[in-house]
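Residues per chain are reported as follows:
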Amino acid sequence: MSKLTKAGKYVYFFGGGKADGNESMKNLLGGKGANLAEMAGHPKLRLPVPPGFTVTTEVCTYFYDNKKTYPKILKSQVEESLAKMEKLGGKKFGDEKNPLLVSIRSGARRSMPGMMETVLNVGLTDKTIGGLIAQSGDERFAYDAYRRLIMMYADVVMEKGSGIEVKSKGIRKLMDEKLEHIKQKQGYTSDTDLTVDELKELVADYKKTIKKMLGTEFPDDPWKQMWGGIGAVFSSWNGKRAIEYRRIEKIPDEWGTAVNVQSMVFGNMGTDSCTGVAFTRNPGNGENKFYGEYLVNAQGEDVVAGIRTPAPVNQYSMNDQSKQFISLEKLMPSLYKELYSYQKRLEQHYKDMQDIEFTIEKGKLYMLQCRVGKRNGVAAVRMAAEMHKEKLIDAGTAVMRVGPNQLVELLLPMIDPKVEIVTKPIAKGLPAGPGGARGRVVFTSDDAVAWAAKGEKVILVREETSPEDVDGMHKAQAILTTKGGMTSHAALVARGWGKCCIVGCSDIEIHADTKTFHAKNGEIIKEGDWLSLNGTKGLVYEGTLALTEIDLDKNQSYNYLMKLVDKIKQIGVRTNAETPEDAAHAMKFGAEGIGLFRTEHMFYGEGSEQPLFLLRKMIVSKTEQERRSALNELFKYVKKDIKDTMKVMKGYPVTIRLLDPPLHEFVPHDTDKLHQLGKELGISMSVLRRRVLALHENNPMLGHRGVRLGISFPEITEMQVRAILEATAEILKSGKKAFPEIMVPVTVTVNELIHQKVIVDRVYEEVCTKMKMKKIPYLYGTMIETPRAALRAELMAHVADFFSYGTNDLTQMSFGFSRDDIGGFLPKYLDLKILPYDPFQTIDQDGVGELVRAGINGGRKAKPHLKVGICGEHGGDADSVKFFHRLGMNYVSCSPFRVPIARLAAAQAALEGKK
């Protein structure tokens, strides 16, 4: 049994300038319910919100814990709140002459756009429709409302809510086809063209179809509709698309949803009625301009579904697809002015950009919803910076406003402008999600998932997306739709994910039967063909166009925000870099040093042929003399590489990891290269092959690598330390700054550190003498990447000046998982929730995290001011960075691209720590 509130209050009323709840009660009322209560009841707002009530998230929990039943007291509380709605509206639920109709909507504490169910026009039956006709004076409107109810109810309540498995076509699809058939037969272009008689026939046909397909009658009873709708919304919390969205967004399953029941207001009562969605600032670019879309003579679902191209609310909101429509500002100037004043008040009240839904019924404006608007990363950064400049929010709030991963969008590559200027687009749509993307065309969500699973980059092309497409949308590189506006489902979801997206691209026509689309210019694009999208401009190109990096120096909002970030964060952010180019790139992103410089990088890629040959020569050498000869030749390459990178870092610390990989990884398999190696060493191929075979290991990950190489072959350590110290000395003597940190990898005992320190101390004295310097600044430390090292850290800290946690290997060794082989089982572990997340992406706080904690505590027990950092991939994961902050680390280190993310996460961790 679930826990329920002591007071037993499960229903919260709002309306008529009063409300039982408020905005702070999101956990109980869900985001939608809390905001409806705030808009309706807060003394500074009291906006025209249609009255209604919210059934709490506690009832959702009870519903699932008790075989989909409700607390006994719920029925009377619902009836009591409904009576208040009747009194305020002067209508009665189920009354044949003057019926009250209601909408039933979901509302989780965090917005899940379109992922759960909605039913409109509840309470409309064969008996009450006469009353609606009398109220409205419009028989066509009444039957249009009735057919909408039947379509929604059959789909949401009778099919999905009842758990009926759809084998081919669902009931909604069948009904849509019947509607489309009439439109095609009569040559209609819009649903609004249907006559009263056609709608009546459609309603009768729908009811027969329901009986035939679902085996039960459509309920002609208002209260059955009410409870069916409430149950279906609760059931939709565990619908496939809601579960998938929660997994993507990391929303806990146990939260549950609230249910909001609200008096219907109608935007489809004629040309003096409309419905719309608007944002207090532009969600696509963050500009401080009121932005929105609306449809005359329509219900809210029509705008979000993207079935009809919406009109702009004002001149600013116009685009190529909507410029032929009249704006709300011109069509209904006084109502627009009222709406504009409400949106201003809402942003000032919530101190954040608001996504609002409104309806105008017969010349009267109603506010149906407000919530914090979803925005892409570009917009999020601009809004945070500008709201701080406007003194609407403080620095801490500005920093918390941007999700660390939203910064990725600012770093996203764009289509190369030089290539774009000489390439003609095949189509243009609305720019709903920024950045450039390339991929192969697929036409269904299922195909997007299947192709992506095979490693293909895909672009999902649809007429419009629905919540059913959420998995395919997430797997695709980009989304392209032929219908819908900037407030459609595709645009809303893509914005939330920062995904490249173009909507309302009427320049293309999809032919689902042949899996092709035809562009206006005659081009035919087939499934599997490549497309390139410019989501910032809404342009579609055939083929694969080159992508180029963004210049952040030109983004004033980003630079303003990151100055706030750096004032707040308390731990340093370094980068993992192996080349001067990587280091310079990371410095531009705000890196404060290098947390991991791998010496082995020089043996791969451009210019590596000679150093790699010399390394191989050293590896297959049989005697110390042979090895030293090869190392002496290799020395100049290692020194130059380290020196070039340290020069770029301008005195920031550079942590240089001594050679780590098993030596056999560098041995050639190519016969010509083996011949060359044998010739250089003066040995036969048979002798060389025996030496190579001797290097083979059954489990090299746990074999002859890291510090074990330095102990077996001290001359390898000696050469690297000499290169590091001489490079540092030469930079210092030139009048510049340099500060190396020598890091010994894969240690398990303090004795290894003592052994290597003897070599370091001897080489240090030799270099000081050679370079005629009294001292060369450096630190000596170790990489904690084995569980034993973490547990024996107290002893190791007596020798080490610093610890750097190699959380990649520490995770591998703690879990017993091979990073390279988890693909066969980890997805199943995540699906079944055996593990909550991939431990190689986000640090396992309960296991690996405890080893890190033990190591830090032990190390600082021996050496209170021990410097501690982390250089695994987790250094660029926001949740992991916040954990490392709480452990008291000095710095995190990550790839150059993720440095801004780590900086922002570090600042947010500092702010959360203050709370």
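Computed from a predicted structure; not experimentally measured.

(A) Quick look at the nonpolar core. In this structure, Val 102, Phe 803 and Tyr 805 are the most contacted members of the largest nonpolar core, which totals 221 residues. Element by element, the count of residues in this core is highest for helix α5 (residues 139-160), at 14 residues. Residues in contact with Phe 803, not counting those within four places in the same chain, are Thr 782, Ile 784, Ala 793, Met 796, Ala 797, Gly 855, Gly 859, Leu 866, Lys 867, Val 868, Gly 869 and Tyr 891. Ranked by size, the runner-up nonpolar core spans 27 residues in total, among them Ala 40, Val 313, Tyr 350 and Cys 370.

(B) Broad picture of the sheet that holds strand β3 (residues 52-55). Pairing is antiparallel across the open sheet formed by six strands, whose spatial order is β2-β1-β3-β8-β6-β7. Of all strands in the sheet, those with a lone pairing partner are β2 (18-19) and β7 (118-122), marking the two edges. Note: strand β1 (residues 11-15) against β3, four bridges, orientation antiparallel. Considered in β3, the bridge of Val 11 is made with Val 55.

(C) Just unusual backbone geometry, in detail. Non-glycine residue Lys 391 carries a positive phi angle of around 65 degrees. Among the secondary structure elements, Lys 391 is positioned in the loop between α13 (377-389) and α14 (395-400). Given a relative accessible area of 75%, Lys 391 falls into the exposed group. For Lys 650, which is not a glycine, the phi torsion comes out positive at approximately 50 degrees. Checked against the element boundaries, Lys 650 lands in the loop between α23 (624-649) and β29 (653-657).

(D) Quick peek at helix α35 (residues 899-914). Here α35 is 16 residues long and its end C-alpha atoms lie 23 Å apart, about the 22 Å a rise of 1.5 Å per residue gives. By the criterion of burial, α35 is predominantly enclosed, with 13 of the 16 residues buried.

(E) Up close: the pattern of salt bridges. Inspection of the entire model under this criterion finds 64 salt bridges. A salt bridge links Lys 250 to Asp 879; the shortest N-O distance between them is 3.9 Å. Placement of Lys 250 in the loop between α9 (240-249) and β8 (257-263) and of Asp 879 in helix α34 (residues 878-886) is noted, with a sequence separation of 629 residues between them. Looking at Lys 250, the relative accessible area reads 52%, which means it is exposed. Here the residues in one salt-bridge network are Asp 144, Arg 147, Arg 148, Glu 180, Lys 183 and Asp 191, joined through shared partners.

(F) Here's a closer look at the pairing of strand β28 (residues 594-598). The buried fraction of β28 is high, at four of five residues. Pairing of strand β27 (residues 572-576) with β28 involves two bridges; the strand directions are parallel. Note on β28: the bridge partner recorded for Thr 575 is Ile 594. Strand direction decides the pairing type here: β28 and β29, joined by three bridges, are parallel. Looking at the pairing, Phe 597 lines up with Ile 656 of β29.

What counts and how
- Residues numbered from 1 in each chain as written.
- Predicted model: local features only at pLDDT ≥ 70, side-chain atom pairs only at ≥ 80, totals over all residues.
- Heavy atoms only, no water.
- Core = buried A, V, L, I, M, F, W, Y, C linked by side-chain atoms within 4.5 Å.
- Buried < 20%, exposed > 50% of the residue type's maximum accessible area, 1.4 Å probe, protein only.
- Helix = DSSP H or I, 4+ residues; strand = E, 2+ residues; numbered from the N terminus.
- Contact = heavy atoms within 4.5 Å.
- Pairing = 2+ DSSP bridges.
- Expected span 1.5 Å × (residues − 1).
- Salt bridge = Lys/Arg side-chain N within 4 Å of Asp/Glu carboxyl O.

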